Amino acid sequence: MLPSDQVQDFSSSGRYSIEVSENLVVLSINTVLYMPKWCYSNTTECIVEIHNRLPDPNGQFFWLDEQLSNANFTGKNVIILAHTGPERTRGMDDQWLSMYQISFNLIVEFYQNIIKGIFLGHIHRDFFSMILSNSTVYDLKIQHPILLESFKTPNIIEQERFLRNNSTILSKFLRFENINAADRYFSDEYFAGDEDEVNRKKDDYFGAFYFQYVEQYNYVNVNTYFIGGSIDVQASNNPTFKLCTYDKSDFTIIDCKTYYFDFEIMQKFKNFPPNWIFEYSYLDTYFTQINETSNLSPANMQKIFNELLLSPRLWEIFTNQVVVQSTAASKKSDIEYKCAMTILLNDNFELCSELDSY
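Presented here is an overview of the structure given in this document. Because the structure is a prediction, the values reported are computed rather than measured. Along each chain, numbering runs from 1 in the same order as the chain's sequence is written. Residue-level local features of this predicted model are given only where pLDDT is at least 70; pairs of side-chain atoms are given and counted only at 80 or more, and the full residue set underlies all totals for whole chains, interfaces and linings. In computing side-chain values, all of the structure's heavy atoms are included and hydrogens and water are not.

Overview of unusual backbone geometry
Positive phi, normally seen in glycine, also occurs at Met 92, with a value near 70 degrees. Mapping Met 92 onto the fold places it in the loop between β3 (77–81) and α4 (98–110). Burial classification: accessible surface area is computed with a 1.4 Å probe over protein chains only, and a residue below 20% of its type maximum counts as buried, one above 50% as exposed, and the rest as partly exposed. We classify Met 92 as buried; its relative accessible area is 7%. Phi at Asn 218 is positive, roughly 60 degrees, even though this residue is not glycine. Helix numbering and strand numbering both begin at the N terminus, where a helix is a DSSP run of H or I of at least 4 residues and a strand a DSSP run of E of at least 2. Among the structural elements, Asn 218 can be located in the loop between α7 (195–216) and β6 (220–227).

Overview of the pattern of salt bridges
Opposite charge on two side chains allows them to pair when their charged atoms are near. We define a salt bridge as a side-chain nitrogen of Lys or Arg found within 4 Å of a carboxyl oxygen belonging to Asp or Glu. Across all of its chains, the model carries eight salt bridges by this definition. Here Arg 88 and Asp 94 are joined by a salt bridge, their closest N and O atoms 2.7 Å apart. The shortest N-O distance in the salt bridge between Arg 164 and Glu 160 comes to 2.9 Å. One end of the pair, Arg 164, and the other, Glu 160, are both in helix α6 (residues 156–166), four residues apart, so they sit about a helical turn from each other. By sharing partners, the salt bridges in this structure join Arg 88, Asp 94 and Glu 350 into a single network.

A short note on the environment of Val 222
Turning to its location among the elements, Val 222 is positioned in strand β6. Once the C-alpha coordinates of Val 222 and Gln 112 are considered, the two residues, 110 residues apart in sequence, prove to be 6.3 Å apart. Contacts: residue pairs with any heavy atoms within 4.5 Å of one another. Those residues in contact with Val 222 that lie beyond four places of it in its chain are Val 108, Glu 109, Gln 112, Ile 131, Ser 133 and Pro 298.

Focus on the state of the cysteines
Here, two cysteine sulfur atoms that lie within 2.5 Å of each other are counted as a disulfide. One pass over the structure, following the stated rule, counts two disulfides. Bridging Cys 244 to Cys 256, the disulfide has an S-S length of 2.1 Å. On the S-S bond that ties Cys 244 to Cys 256, the torsion sits near 110 degrees, and the link is right-handed. On the criterion of sequence distance, the pair formed by Cys 244 in strand β7 (residues 240–246) and Cys 256 in strand β8 (residues 253–260) is long-range, its members being twelve residues apart. Across a sulfur-sulfur distance of 1.9 Å, Cys 339 and Cys 352 are joined as a disulfide pair. Its S-S torsion of about -80 degrees marks the bond between Cys 339 and Cys 352 as left-handed, since a negative value means left-handed. Here Cys 339 is found in helix α12 (residues 334–342), whereas its partner Cys 352 is found in helix α13 (residues 346–353), with 13 residues between them in sequence. Since its relative accessible area comes to 0%, Cys 339 is described here as buried.

Okay, structure coming up:
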């Protein structure tokens, strides 16, 4: 049940805040506001409509900042829930307009010490994405009031202009075009060879970009978007759900266990009710040694991604988990998955995924 003081806000804006324990607040936000209304065409109507979008629809970013500020002041931790997020769709399209991605990521980054989990859905895939940034504490203190001031601009085009003129905000997240350590890879000659060899070279390029650039410029995972699968089978995935545990002392997410059932077998043998099967847990699958420091903190999720880049065996396990062991679901390329896990901003994702055109 929603608290009585949240009913009106939920009815008008689709968001709410619930204090589930003395030290934990759950915030649920209405992220449909940030989607481009499924308008991906270049028609005049679409372009005008998008350019006129407000920087802070329904005042929700300001509301979110206020809720997080109150939680921070009172020593509470926060979990954020939403249906859609800034991650890519299962077809690797944009889910949010870029300025909304930036605003949300910056708010999450500013309050990274109290946000213990961000759980999303919509794409019907089991996935995670990281917010990689190299902002310092000093950067964040300067950027935060500028971001809040940008919400007063008339539309998202003016907001972007305001931010570019007044801060370095837009350059703080991991950006693909800044890397030049592996420029020699951008040649038809380098990418010559059979399909397996070409794919290996693309992976080499991405690995060179990620490890060299992230280490050189001190990029770290600010927070992780945990993206669940789906109970329904609209996207040819098997039905699935997750059970996540957290540490009661500091509310860090310890592990998430995934369960599913094989929809094809259920249909074939008329198995009702379905037999839910344990599929995997992050700790069991990706940690070679589990100890008291093993959890799904942002730093550990970045280590998991590093392991995925280095181990073809683990990567194959991961891509099967993305579609929940379904043989009917279509998969995207390895490069697109890797870009989507690290390059959240729309323009940078396009540059990163262009590796697939070689």
